Every structure is written in C-alpha cells, then in structure tokens.
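Here's the letter readout for the chains.
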Amino acid sequence: MIVVSEIGKLKEIIQEWKQKGEIIGFCPTMGTLHAGHMDLVTQSKKQCSKTIVSIFVNPTQFNDPKDFASYPINTDSDLQYCQEQGVDLVFLPSVEVMYPKSLTPIQMSIPSLQSNLCGRTRPGHFEGVLQVVSKLFHLTEPHFAFFGLKDYQQFRVISALVMELNFPLQVIGVPTKREQDGLAMSSRNLRLTPKDRETATLIPRMFQLAKKTLVGGEKNINTWKEILTEFLLTGINLKIDYLEVVDPLTLQPVTNLSGDILLATAVFVGEVRLIDNEILTCPN
Ligand code: AMP
C-alpha cells in the first residue's frame, strides 16, 4: 500500500495508473475508519482495479470550531486497517497541502439541495464539502467515487456537483452500515459515554416506530412527526437538531405521506451530533 501526502507524488502515481489503463475507485473519508467506511472500499475493489482512500479532516466543512477540534484522529490504526483491506493508495494530506495560504478561497453551493436538513442547521458545511471534494476529484481523477448513504444529503449534493460540472466520473451510493442494535456506524460514536451510547439507540428505534406507524395507517404527516419527535425526546441528554421529511430527490419538504419519502434526523446526544436517514415507501 502506498501512502502519499504530497500532491506532486500523487499525480505521478495517478498518471502511471492511467497509462496502464487502471480503473480508479476513490473513497474520501475523514479517518477513524470503521466497517462502514470499509463497505465503500469493498464496493470499490469489486468495481475497480485500484482503490484510493483519502483521510483528511477538512476544516472548511466544520461550522463549529469545537466540533473540528474534537474530531477523532487515529492515523496509525487507519493505515493498518486500509492495508488489511487491500487499499492500494492512501492520500493523507495536511491542511497546508490542501489549502496553501497562497490560494484565494472559493465558495461553491447548490442552494436548492442545501436549504434543508444539515444544510440548514450547519451553515457553510456543504460549501466546505463541495470545495474539498472538487479538489480531491481533480487530484485523484477517479472513474468511480463511493459515498455512504448515511450522509444522504452529501450523496445528493455530490451527485449534483458531478452532473452539473461534468466531472468525468460516476458517483456510487453505498448503504448505511449499522451496529447490531441498529445505530449507524460513525466515527463520532467513539465520543459517546456508555450512557449516551445507550440513549443513541433511540435513533434506530425511532425509524422502526416510523415504519410501524406508517404501516399502521398513519396518514397525517404532522401527527406522524409529533409521535416520532416525542419518542426521541424521551432520551435524557438528547436534543433534536432536526427531524424532517423531504422528497428523496429534491430534498424539499413534503406535505403528504405518499410515495417515497426521506425521513432524516440529526440529534445531539450530549455533545455528539449524530445523523441518520431512511427512504420509506408510504403504503397506498
Ligand atoms: P466520514 O469519514 O464520516 O466523512 O465518512 C466518509 C465516507 O464514509 C462518507 O461517504 C460517509 O457517508 C461514509 N460512511 C460513514 N459512515 C458510514 C456508514 N455507517 N455506512 C456507510 N457509509 C458510511
């Protein structure tokens, strides 16, 4: 496995691979890797002859400096995990390499996809994501890029970026990997105290309740949201950042429980912000 921190060296390797006709798969991450990240790698290895993982905690996508400062970093174990999983190259740039002081910062946004969910409650987040992912796409020149559906809004925003700006690559969404009790795997789970970890199980249980009440005949979206909100709020130390029901494609709010809908939530358990979502099909 090759580990590269400099852009020049990375470009050299990419050119070599391209000349040999390799198919490049790219999995961008912020590290502290878990089995959810590795599902992206597994998918890439199935579809591509070379797999790149980037590990970079991107400061421009954190709207809260405290959140950035406390984001976990575990580079040694990440590199070992990547090696074990057969990753071909890890790109591990520093902040200075990604954002040299000499550059003039650029701001990108896709307003209609950012007006709800995390885009609404984390102003500036998707501007940072679009900036870093665009740079990483240019640097790694992948044929396929793999993104987790756990971050569904991110997946939609990146898919739109690729379409709108004609990036020559295909974005692949990978299903959410969950712990045994249903909690979506996340690097942030490590920061939960044992008590808060237990409280966090309310999130997957809320999605179970959502499905049960839909099948049970609930037709009123406001009543449905109230039931789900009340359920989440039984958690001690839990605050809801948002609980929204939107169209899976446009990410605009829906007013009826019909067809396919995206139920998405972000909650703070203690200081830790956790997100989850599911696309649900409403019974006729
Ligand atoms: P992160 O390191 O949290 O920025 O995540 C890097 C990539 O891994 C993103 O595309 C995430 O959506 C994806 N990812 C994170 N957690 C999971 C999970 N539990 N299941 C599937 N993909 C995930």
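Per an unreviewed UniProt entry, the recorded name for the protein chain is Pantothenate synthetase, and the organism is Leptospira kemamanensis. In its Function (unreviewed entry) section, UniProt records this for the protein chain: "Catalyzes the condensation of pantoate with beta-alanine in an ATP-dependent reaction via a pantoyl-adenylate intermediate." The record in UniProt for the protein chain states the following under Subcellular location (unreviewed entry): "Cytoplasm".

Undergrad: Explain the UniProt feature "active site" (unreviewed entry) in the protein chain to me, using residue names and the numbers behind them.
TA: As annotated in UniProt, the feature "active site" (unreviewed entry) corresponds to His 37 in the numbering used here. Checked against the element boundaries, His 37 lands in helix α2 (residues 35-47). Here His 37 falls in the buried class, since its relative accessible area comes to 15%. With residues near it in sequence (within four places) discarded, His 37 still touches Thr 29, Gly 31, Thr 32 and Ser 187.

Undergrad: I'd like to hear about the domain arrangement of the protein chain, residue by residue, with values.
TA: For the protein chain, the domain assignment lists domain 1 (2-174) and domain 2 (187-279). A C-alpha centroid distance of 27 Å is found between domain 1 and domain 2. With 26 residues of domain 1 in contact, the opposing surface of domain 2 contributes 21 residues. Interface area, domain 1 with domain 2, both sides summed: about 1,900 Å², of which 51% is carbon and sulfur. It is Asn 116, Leu 117 and Tyr 152 that lose the most area in domain 1 upon contact with domain 2, and together they represent 31% of the buried surface on that side. For the pair domain 1 and domain 2, the interface holds three salt bridges. With its nearest N and O atoms 3.8 Å apart, the salt bridge here joins Asp 67 to Arg 191. Here domain 1 is connected to domain 2 by 15 residue pairs in polar contact (both at pLDDT 80 or more). Its residues assigned to classes, the side of domain 1 that touches domain 2 comprises eight nonpolar, 11 polar and seven charged.

Undergrad: Describe in detail the packing of helix α11 (residues 202-215) against helix α12 (residues 221-232), supporting the description with residues and values.
TA: Contact geometry for α11 and α12: axes closest at 10 Å, N-to-C directions at 150°. Comparing their axes, α12 and α11 come out roughly antiparallel. Once α11 is placed against α12, the crossing between them reads as right-handed. For the pair formed by α11 and α12, the contact residues are Leu 202, Ile 203, Arg 205, Met 206, Leu 209, Ala 210, Thr 213 and Leu 214 on the first element and Trp 224, Ile 227, Leu 228, Phe 231 and Leu 232 on the second.

Undergrad: How would you explain the sheet that holds strand β4 (residues 89-91) if you had to name every residue and give the values?
TA: Pairing within the open sheet is parallel, and its six strands lie in the order β1-β4-β3-β2-β5-β6. Sheet topology places β1 (2-4) and β6 (170-174) at the edges, where each strand pairs with a single neighbour. Taken pair by pair, the neighbouring strands of this sheet meet at an average axis angle of 25°, ignoring direction. Where strand β2 (residues 24-29) meets strand β5 (residues 144-148), two bridges bridge the pair, whose relative direction is parallel. Directly across from Gly 25, in β5, lies its bridge partner Phe 144. Across the face of the sheet, helix α9 (residues 152-164) comes into contact with β5 and β6 while running at roughly 170° to β6.

Undergrad: Help me get a handle on the confidence of the model for the protein chain, residues and values and all.
TA: When pLDDT is averaged along the protein chain, the result is 97; 100% of the residues meet or exceed 70. Across the protein chain, the element-wise mean pLDDT spans from 91 in helix α3 (residues 65-69) up to 99 in β5.

Undergrad: Outline the site of the ligand, listing residues and values.
TA: Around the ligand, 17 residues are found, and the nearest of them are His 37, Gly 148, Asp 151, Lys 177 and Met 185. Contact between the ligand and Met 30: an oxygen atom at 2.9 Å from a main-chain N or O atom of the residue. The backbone of Met 185 places a nitrogen or oxygen atom 2.9 Å from a nitrogen atom of the ligand. If the ligand stood free it would expose 480 Å²; the protein chains cover 93% of that surface. Looking at the shell around the ligand, the elements that each hand over two or more residues are β2, α2 and β5. At three residues, α2 tops the list of elements feeding residues into the shell around the ligand. Taken together, the residues of the shell around the ligand sort by class into seven nonpolar, seven polar and three charged.

Undergrad: Tell me about the side chain of His 125, and name the residues and values.
TA: By the element assignment, His 125 lies in helix α8 (residues 125-140). His 125 gets classed as buried once you look at its relative accessible area, which sits at 8%. Within the structure, His 125 has its side chain in polar contact with the backbone oxygen of Gln 61 (distance 2.8 Å).

Reading the values: the criteria
Residues numbered from 1 in each chain as written. Predicted model: local features only at pLDDT ≥ 70, side-chain atom pairs only at ≥ 80, totals over all residues. Heavy atoms only, no water. UniProt positions renumbered as here; feature names shortened; annotations may be inferred. Helix = DSSP H or I, 4+ residues; strand = E, 2+ residues; numbered from the N terminus. Buried < 20%, exposed > 50% of the residue type's maximum accessible area, 1.4 Å probe, protein only. Contact = heavy atoms within 4.5 Å. Domains from an automatic or database assignment. Buried area = accessible area lost by both parts, 1.4 Å probe. Salt bridge = Lys/Arg side-chain N within 4 Å of Asp/Glu carboxyl O. Polar contact = N/O pair within 3.5 Å; in protein donor to acceptor, adjacent residues only side chain to side chain. Nonpolar A, V, L, I, M, F, W, Y, C, P; charged D, E, K, R; others polar. Axes fitted to C-alpha atoms, helices over the stretch in contact; angles between N-to-C directions. Parallel < 35°, antiparallel > 145°, perpendicular 65-115°, else oblique. Left-handed = near helix turned anticlockwise from the far one by under 90°. Pairing = 2+ DSSP bridges. pLDDT = per-residue confidence, 0-100. Near = heavy atom within 4 Å. Areas by Shrake-Rupley, 256 points an atom, 1.4 Å probe, with all protein chains shown as cover.

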